[in-house]
Amino acid sequence: MIRIGRTAELVRRLDQYEIDLVLDSGAHHGRFGRGLRRAGYRGRIVSFQPFGGPRAKVRRFAARDLEWSVLPYALGDRDGLWTRRLDGVWEDVVAPGERILLQVEHAPELPEVLAGAGEFGDDLALVRSGAVLV
């Protein structure tokens with residue numbers, strides 16, 4: 001895992017690794033996605049946010065961006081009321097050949113999200129956890 005603090009540096013790394021899809025787990029209010037856009041990232045973003053208030057805020061930002069979608073669940077190691085395994089939704093959110101950054105907002109959730117990636121874990125080009133500085 002590469003630890004990157006500043007958003008501009010992260011966007012340079014995304015370009016370096018030819019990342020064209022960011023999976024933003026725990027999107028909260030969309031801060032991470034907005035920071036990426038302000039720093040110049042133009043690839044696709046898929047945000048995961050199960051709870052109504054924060055999800056509505058992310059959707060407001062994403063509504064103005066054709067390359068940003070918001071899904072109403074969190075990523076985890078099992079399917080449940082508010083969670084889905086990444087390997088179970090992979091074909092719905094990832095296009096063939098896309099290079100992926102998985103961003104997990106809360107570091108303690110990272111092991112569960114990675115476990116839920118299952119066989120697709122090796123297809124994640126970069127993995128990052130923690131809040132981004134904007």
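Scope of this entry: the structure provided in the associated data block. Please read these numbers as outputs of a predicted model, since none were measured by experiment. (Residues numbered from 1 in each chain as written. Predicted model: local features only at pLDDT ≥ 70, side-chain atom pairs only at ≥ 80, totals over all residues. Heavy atoms only, no water.)

## Points about helix α5 (residues 110-117)
So, step 1. Considered for burial, the residues of α5 that qualify are L110, V113, G116 and A117. Within α5, the buried residues cover an arc of 130 degrees as seen down the axis, which keeps them to one side.
So, step 2. G118, located one to two residues past α5, shows a positive phi value of around 50 degrees. (Buried < 20%, exposed > 50% of the residue type's maximum accessible area, 1.4 Å probe, protein only. Helix = DSSP H or I, 4+ residues; strand = E, 2+ residues; numbered from the N terminus. Arc of directions from axis to C-beta.)

## Describing helix α4 (residues 86-93)
So, step 1. If you check which residues of α4 are buried, you get L86, V89, W90 and V93. For α4, the angular spread of buried residues about the axis comes to 145 degrees, placing them on one side. Exposed side chains of α4 directed beyond 90 degrees from the buried face belong to G88, E91 and D92.

## Remarks on the pairing of strand β3 (residues 68-71)
So, step 1. Of the pairings in the sheet, the one linking strand β2 (residues 44-48) to β3 comprises four bridges and is parallel in character. Paired with F48 across the bridge in β3 is L71. (Pairing = 2+ DSSP bridges.)

## Description of the packing of aromatic side chains
So, step 1. Evaluation of the coordinates by the stated rule reveals three aromatic pairs.
So, step 2. Pairing F48 with Y73 gives two aromatic rings, centres 5.9 Å apart and planes at 45 degrees, and the pair type is tilted. Of this pair, F48 sits in strand β2 while Y73 is found in the loop between β3 and β4 (74-76), placing the two residues 25 residues apart along the sequence. Both residues of the pair, F48 and Y73, belong to the buried class.
So, step 3. Arranged with centres 5.7 Å apart and planes meeting at 45 degrees, the rings of F51 and W82 form a pair that is tilted. (Phe/Tyr/Trp six-rings, centres within 6.5 Å; stacked < 30°, edge-to-face > 60°.)

## A few points about the pattern of salt bridges
So, step 1. Scanning all chains against the criterion turns up six salt bridges.
So, step 2. We note a salt bridge from D65 to R37, for which the minimum N-O separation is 2.6 Å. Of this pair, D65 sits in the loop between α3 (52-62) and β3 while R37 sits in helix α2 (residues 31-38), placing them 28 residues apart in sequence. Each member of the pair, D65 together with R37, is buried.
So, step 3. Among the ionic pairs, E98 bridges to R44, the shortest N-O distance being 2.9 Å. Here R44 lies in strand β2 and E98 lies in the loop between α4 and β6 (100-104), a separation of 54 residues in the sequence.
So, step 4. Assessed through its relative accessible area of 17%, E98 is described here as buried.
So, step 5. Each of the salt bridges in this network shares a partner with another, and the network as a whole consists of E9, R12 and R13. (Salt bridge = Lys/Arg side-chain N within 4 Å of Asp/Glu carboxyl O.)

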